Each structure stands twice: as C-alpha cells, then as structure tokens.
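# A closer look at the structure
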Amino acid sequence: MTVSLVTGAGSGIGAATARRLGDRGDRVVCVDIDGDRAAEVADGIEHALAFTADITDEAQCDAMVSMAVDRFGGMDAVVTCAGIETMGDSLEFDPAAFRRIVDVNLTGSFLTAQRTARVMKAQGEGGWIVLIGSINSQAALPGAAAYIASKGGVLMLGRALALDLAPHGIRVNVIGPGVIDTPMTSDSLADSARREMLMERTPLGRPGNPEEIAEVAAFLTSDASSFMTGAFVPVDGGWLTR
Ligand SMILES: NC(=O)c1ccc[n+]([C@@H]2O[C@H](COP(=O)([O-])OP(=O)(O)OC[C@H]3O[C@@H](n4cnc5c(N)ncnc54)[C@H](O)[C@@H]3O)[C@@H](O)[C@H]2O)c1
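Keep in mind that what you see is a predicted model, and the values were worked out from it rather than measured.

### Some thoughts on the side chain of D54
Topologically, D54 is positioned in the loop between β3 (48–52) and α3 (58–72). Setting aside residues no more than four positions away along its own chain, D54 makes contact with I33, Q60 and R100.

### Quick word on helix α5 (residues 145–165)
Taking 1.5 Å of rise per residue, the 21 residues of α5 would be expected to cover 30 Å, and the 30 Å separating its terminal C-alpha atoms lies within 8% of that figure. Of the positions making up α5, those classed as buried are A146, Y147, I148, S150, K151, V154, L155, L157, G158, L161, A162 and L165. Its buried side turned inward, α5 meets α4 (95–123), β5 (127–132), β6 (170–177) and β7 (232–235).

### Some words on the site of the ligand
Around the ligand sit 30 residues in total, of which S11, I13, D32, Y147 and T182 are the nearest. Between the ligand and I33, the relevant distance is 3.2 Å, taken from a nitrogen atom to a main-chain nitrogen or oxygen of the residue. One of the side-chain N or O atoms of R37 is found 3.2 Å from an oxygen atom in the ligand. Relative to its unbound accessible area of 820 Å², the ligand is 93% covered by the protein chains. Contributions of two or more residues to the shell around the ligand are made by α1 (12–23), α4 and α5. In terms of residue class, the shell around the ligand is built from 15 nonpolar, 10 polar and 5 charged.

### Focus: the side chain of R171
Note that R171 resides in strand β6. Of the side chains with opposite charge, D223 comes closest to the buried, unpaired R171, at an N-O distance of 5.0 Å. A polar contact of 2.7 Å, which involves the side chain of R171, links it to the backbone oxygen of S225. Of note is the side chain of R171, whose polar atom sits 2.9 Å from the backbone oxygen of M228. For R171, the residues in contact, after removing those within four places along its chain, are G127, W128, I129, L220, S222, S225, S226, M228 and T229.

### Some details on the nonpolar core
If you look at the biggest cluster of nonpolar residues, it comprises 35 residues, and the most contacted ones within it are V29, M64, I129, L131 and V172. Broken down by secondary-structure element, the contributors of at least two residues to this core are β1 (3–7), β2 (27–32), β3, α3, α4, β5, α5 and β6. By size, the runner-up hydrophobic cluster in this structure holds 25 residues, among which are A15, A48, C81 and A218.

Each value, and the rule that gives it
- Residues numbered from 1 in each chain as written.
- Predicted model: local features only at pLDDT ≥ 70, side-chain atom pairs only at ≥ 80, totals over all residues.
- Heavy atoms only, no water.
- Helix = DSSP H or I, 4+ residues; strand = E, 2+ residues; numbered from the N terminus.
- Contact = heavy atoms within 4.5 Å.
- Expected span 1.5 Å × (residues − 1).
- Buried < 20%, exposed > 50% of the residue type's maximum accessible area, 1.4 Å probe, protein only.
- Near = heavy atom within 4 Å.
- Polar contact = N/O pair within 3.5 Å; in protein donor to acceptor, adjacent residues only side chain to side chain.
- Areas by Shrake-Rupley, 256 points an atom, 1.4 Å probe, with all protein chains shown as cover.
- Nonpolar A, V, L, I, M, F, W, Y, C, P; charged D, E, K, R; others polar.
- Lys, Arg positive; Asp, Glu negative; His and termini not counted.
- Salt bridge = Lys/Arg side-chain N within 4 Å of Asp/Glu carboxyl O.
- Core = buried A, V, L, I, M, F, W, Y, C linked by side-chain atoms within 4.5 Å.

Okay, here's the thing in structure tokens:
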C-alpha cells in the first residue's frame, strides 16, 4: 500500500490532497504546524495519522519521517503544501518576515523532500515528490516580493531535485496553482476590487478549488505520470497563457 506524506495538510490544498490520496487507498501522514487541524483532516481519512511539525525545523522533519516509517512501514509519495504568504510593499517589508516566508515555502520544501527522499532511496523502489509552487513561480505581481521570490525558488528546487534524484527512480514535479479558494486567499477574494483584478487575469474567470489541485497531485504521485520529472504543471485557469 502506498504511504504518502502531505505537509500543510490541515487546510486548503494540503487537506484536499490528503483526502484525495486517502480516497485512492493510500496510508496518509497529515503534517501541519497546526496539529489540531491536521488531526481533524486525518480523522476523516480511512488510514491516516496526524503529525504536528514546523517544516522549517530539521529535527521536526526527521521526527515526522521517522513516525511515518515506524507506523506505516515506508515512504512512497510526498506533496509539500505547507506555505505562507504576507503581502507588503518591498520598500517597507520587514526582513524578518521575508526570511520566514523563504524559510517556510522554500527551505521547508527542501527539508521535506530531502528527508523523505533519503527513505525512498534506501527502499530502492523509487518514489514521487510533488512541490507546490505557484503561478508566482513564473509571474510576478506587485506587493508580494518575498512570496514570489520563494515560489520562484520552489520551481528551480524542483528541477534541481529532479536531476539529483532521477538516478534513484524518484520523480520530482512542481504544480503551479493559480488563484485557489482557500483560507490563504479568503481576504483577497472577499475584497471585490482585488477579486475582480484576479479574475480578469484568469481566463476561466473563477477561482480554482483545492480538489482541482489535489487531482493533479494524485496524477503526479502515480504511475500514470511515469515519464514526467522536473516538470512545472500550471493548474491556473489559464493565467500563465497570457
Ligand atoms: N490558495 C492559492 O491561491 C494558492 C495559489 C498558489 C500556490 N498556493 C500554495 O499552495 C500551498 C497551500 O496553500 P493553501 O492555499 O492551501 O493555504 P492554507 O493557508 O489554506 O494552508 C497552508 C497550511 O500550511 C500550514 N503551514 C504553514 N506554515 C507551516 C510550517 N512552517 N510547517 C508546517 N505547516 C505549515 C498552515 O498551518 C496551513 O494549514 C502553499 O504553498 C501556497 O503558497 C496557494
């Protein structure tokens, strides 16, 4: 049985991904800094465990992987959904906030991938790693320099890991969600002027829902995508086509 680990599983895209992988029969480790929300999601999945971890912390990442291996016997698929976003003018932006955003979104993705890939390599049967980037991995918007820089980094991290891990049969791909209706975007989507701006840039004219990202994550963590590695897959209602 496939063992999957999803970070940021307490909310939004991570929660939808954990449920989707659970629905196909995976044993799912639901990781989040908010352990209560991770536990709520895990409770709704047949074979799942919750684990509280800040993915910027190396020891906590090691502990989450050890727990997964101890309880479920291995590690096959990983989807890194944990992320944060703070908007702000670049001229005034707090360097500490910049560092934290890069730490969670980029370094946290690296630590999660590194720690889980070590297990996959030792198992010798390959594996799947999916990093959640963004349309902002390729396209900037005003007022979000830290987030955009971190997501640009996630795209190149995915490509670099794809090269490093290919000899071990571990495939690494990056999903680029567009505007998805989750707690992260609730303020933006509730602000009518900002919503209008975002939807004008989205050819399909609506926000995506987290399940539409989870479906692609399920594809990328399966043999259906067997010749894909190092790919960037926008799931964005057409945003990046303009
Ligand atoms: N919602 C969108 O429109 C959108 C668009 C593009 C990319 N994304 C990306 O998708 C991912 C998921 O976003 P979402 O919209 O579901 O957001 P969300 O805020 O609903 O969920 C993010 C989850 O990550 C967890 N988290 C935050 N910091 C963490 C840490 N240090 N360690 C462990 N867990 C942590 C939070 O507790 C939360 O449960 C993020 O990487 C985000 O940047 C979202």
